[in-house]
Every structure is written in C-alpha cells, then in structure tokens.
Amino acid sequence: MLKQEMQRKLLIAQLNKARSNNNEHQLERAIQQYFNGLKQEVLDNLEEYWSEYHLLQGHIKLIIAPINDSHEQYYQILAKHDSKEYKLGEDEARRLIQIVNDNTAMKARWRPKLKRIIRNNPFFDTIRWTEEDLLNKVFIASKRTLARVTSELNQIITDGYTSGKGINIVANMLTRRFDQLETWEAKRIARTEIHNSHNQGVMRIYDEVGVEYTQWIAASDDRVRESHEEINGEIIRIGDKYSNGLEYPGDTNGDIEEWINCRCSNAPFVMPYGYTAPPDKEQFYEDDLIKI
C-alpha cells in the first residue's frame, strides 16, 4: 500500500510548491524593496545626526527611527501575501481531501465519510486555524523581526562610534547589514511566511471537514533537513505533534530549527477500511496499522 501511496502524495506536495512559488517570489521582492528603502533613510539620517564630537543615544534613535516607524508598512506587506497563501492552502486542502477520498474508496470500495462542521455550530469559532489567528501571528512576528533589526543597527552604530571608526566605515557596515536583509534574509522570511500561511489554511479545512489524521510529506530533494527526512510518512491524529515537536510543517510554535525554511507538506490520511491506528503510539507509519 504504501510505497505507492507515498509517491503519489509526494507528487501532490511538489505540485503544491510549484503553485506557491510565485507568491513566495513576490513576497521576497516586496521585502527586498522595503529594506532597500529603509537603508537609504537610515543612511541619510546617519549623515544628518552623526557627530564626531559627541554622539548621544538620542541621536542613534533618530538615525534608526525609520525602522520602527515603518512597522505598519512591513506588517501590511506580509499580511497581503500571507492572506493570499492562506486561501491557496484552503483550496489545496479541499483537493487533497478529494484525491485521498477517491483513492481510498477505489482501493477499499468504501468511501470514508468526513464530517463537515456546520458554520453555525457553536464549536466552530474555537477552531485555531483562522485567518485572524494567522494575521495576529504575522503582526507579532513582524514586530519581533524589526525589533531585532533595530537592536543590530543600534549596536553597529554604537560599536563603530566608540571604536573611532568614523561615519564612512559605519555607513559601510550598515549597508552590509541591509544587503543581508535584502538578499538571503528576505528569501528566508518569504519562504517561512508563505509556507506557514499555506499550511495554516490547509489545517483550517482539515479541521473543518473532520480529517482525523495527517501525514508528514518531506520535500524530495537533497536540501531536506535530516530530522524531516526521518519522519517522512509519519502519521498523527490532528492536535497531536509529530516526532519533531510540530503539529504541521511550518508550525512556528515549535523549535525554530524545525520550521524555518521548511518546505514539507501535510497530507490528509484517511484510515483504510479494516485497519486501525496502533493504540500505544502517538506517531506511527502506514506499516504500523493494525488489521481488524
């Protein structure tokens, strides 16, 4: 059953990533433009407020003020693309559920019935995978990112001034840091944001229609981290956690080493007719299923 099933789901995951790449690239470019604009503002302020005689902390705050002042702009950039990807994730979840249902019905001649939650159900509002929940996380994460950047730039200016480097060297140091934000950091942020938003949309639909189990599908290339390759095909009940501590790929509530730059997928797993999950395992594989 099961090698063929994994290959099929892996193909689905690859198609999913192809669909999401365009939005990811658009977000990456928007982040690059955002930090490029900030770079020029900070460098202009550096020239205006720098003093060789006495640089006060208040002057440093004025130099890097554009970072905090532009938080709403940065948040709106992320929110626009994350919301779009969230809806793509919802669409993909519906397709995946249909494919898995059809495949299971074909093999077992029995179609599993997934219970759809009615929207006036009083329990519907307790579902965690809402777009509002996503945007709240984006807001908190965007503030955290800009606070980190502010602290780093503050340190660059302070260290440069106290060591007597002069304005030109400090400007070059700031430029190098912004260049990092515009290149590999913009790519990392975009990939992480899009992946997490997509999978939150997926999880909302899984929760809504009553999917009981999900299966980790690792991206199939040589860039997959070892811990994700090791759990490729692992199955959990929704609400439980995979062996790496995440509820789904990209789950930012887990360790950052497990979700940053993640490209794995989360497929619905419908228990085949005549089988049950092993009662003593929170995480298991298809080969562990017990025939009843």
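To start, this report covers the structure provided alongside it. Remember, it's a predicted structure, so these values are computed and weren't measured experimentally.

Here the focus is the overall build of the protein. Helices and strands together make up the secondary structure of the protein, namely nine helices and five strands. Every one of the 292 residues in the protein was classed for burial, and the buried ones make up 50%. Of the contacts formed within the protein by residues at least 6 apart in sequence, a portion of 76% connects residues at least 24 apart.

This part covers the nonpolar core. Counting 39 residues, the largest nonpolar core has Ile 31, Phe 35, Ile 67, Leu 153, Ile 157, Leu 174 and Phe 178 as its most contacted members. If you list the elements that add at least two residues to this core, you get α1 (2-49), α2 (57-63), α4 (71-108), α5 (131-162), α6 (167-182) and α7 (184-209). With nine residues, the top contributor of residues to this core is α1. Leave out the neighbours within four places in its chain, and Ile 67 touches Tyr 34, Leu 38, Val 42, Leu 146, Val 149, Thr 150, Leu 153 and Phe 178.

A few words on the sheet that holds strand β3 (residues 265-269). What the three strands build is an open sheet, ordered β2-β1-β3; its pairing is antiparallel. In the strand order of this sheet, the two ends are held by β2 (235-237) and β3, each with one partner. Taken pair by pair, the neighbouring strands of this sheet meet at an average axis angle of 35 degrees, ignoring direction. One ladder, built from three bridges, connects strand β1 (residues 213-217) with β2; its direction is antiparallel.

Another aspect to go through is the layout of surface pockets. In this model, the largest pocket occupies a volume close to 520 Å³. Lining the largest pocket are 20 residues, with Ala 141, Arg 144, Thr 145, Glu 193 and Trp 259 positioned closest to its centre. When contributions to the lining of the largest pocket are tallied by element, the ones reaching two or more residues are α4, α5, α7 and α9 (256-259). The biggest single contributor to the lining of the largest pocket is α5, with eight residues. When its residues are assigned to classes, the lining of the largest pocket shows ten nonpolar, five polar and five charged.

On to the pairing of β3, then. Most of β3 sits out of view: five of its five residues are buried. Taking every second residue as pointing to the same face, both faces of β3 are buried, with Ser 265, Ala 267 and Phe 269 on one and Asn 266 and Pro 268 on the other. In this sheet, β3 lies alongside β1 in antiparallel orientation, the contact comprising five bridges. Considered in β3, the bridge of Gln 215 is made with Ala 267.

In total, this model carries 16 salt bridges according to the counting rule given. Note that Asp 91 is salt-bridged to Arg 94, the shortest N-O span being 3.2 Å. Of this pair, Asp 91 and Arg 94 are both found in helix α4, three residues apart, which corresponds to roughly one turn of the helix. The class for Arg 94 is partly exposed, based on a relative accessible area of 41%. Measuring nitrogen to oxygen at the nearest pair gives 3.4 Å for the salt bridge that ties Glu 152 to Arg 148. Separated by four residues within a single helix, Glu 152 and Arg 148 lie in helix α5, roughly one turn from each other. A residue is classified by how much of its surface remains accessible, and Glu 152, at 26% relative accessible area, is partly exposed. Residue Arg 148 is classed as partly exposed on the basis of its relative accessible area of 30%.

With that settled, consider a negative patch on the surface. Taken together, Glu 41, Asp 44, Glu 47, Glu 48 and Asp 69 make up a surface patch of like negative charges. It is α1 that contributes the most residues to the negative patch, four residues altogether. Tracing the chain through its elements places Asp 44 in helix α1.

Parameters at a glance
- Residues numbered from 1 in each chain as written.
- Predicted model: local features only at pLDDT ≥ 70, side-chain atom pairs only at ≥ 80, totals over all residues.
- Heavy atoms only, no water.
- Helix = DSSP H or I, 4+ residues; strand = E, 2+ residues; numbered from the N terminus.
- Buried < 20%, exposed > 50% of the residue type's maximum accessible area, 1.4 Å probe, protein only.
- Contact = heavy atoms within 4.5 Å.
- Core = buried A, V, L, I, M, F, W, Y, C linked by side-chain atoms within 4.5 Å.
- Pairing = 2+ DSSP bridges.
- Axes fitted to C-alpha atoms, helices over the stretch in contact; angles between N-to-C directions.
- 1 Å grid on protein atoms, 1.4 Å probe; cavity = no way out; pocket = protein on both sides within 12 Å on 5 of 7 lines; lining within 4 Å.
- Points joined across faces, edges and corners; volume = space filled by probe spheres on them.
- Nonpolar A, V, L, I, M, F, W, Y, C, P; charged D, E, K, R; others polar.
- Salt bridge = Lys/Arg side-chain N within 4 Å of Asp/Glu carboxyl O.
- Patch = residues over 30% accessible without salt bridge, like charges linked within 9 Å, V, L, I, M, F, W, Y side chains within 5 Å.
- Areas by Shrake-Rupley, 256 points an atom, 1.4 Å probe, with all protein chains shown as cover.
- Lys, Arg positive; Asp, Glu negative; His and termini not counted.
- Charge placed at Lys NZ, Arg CZ, Asp CG, Glu CD.

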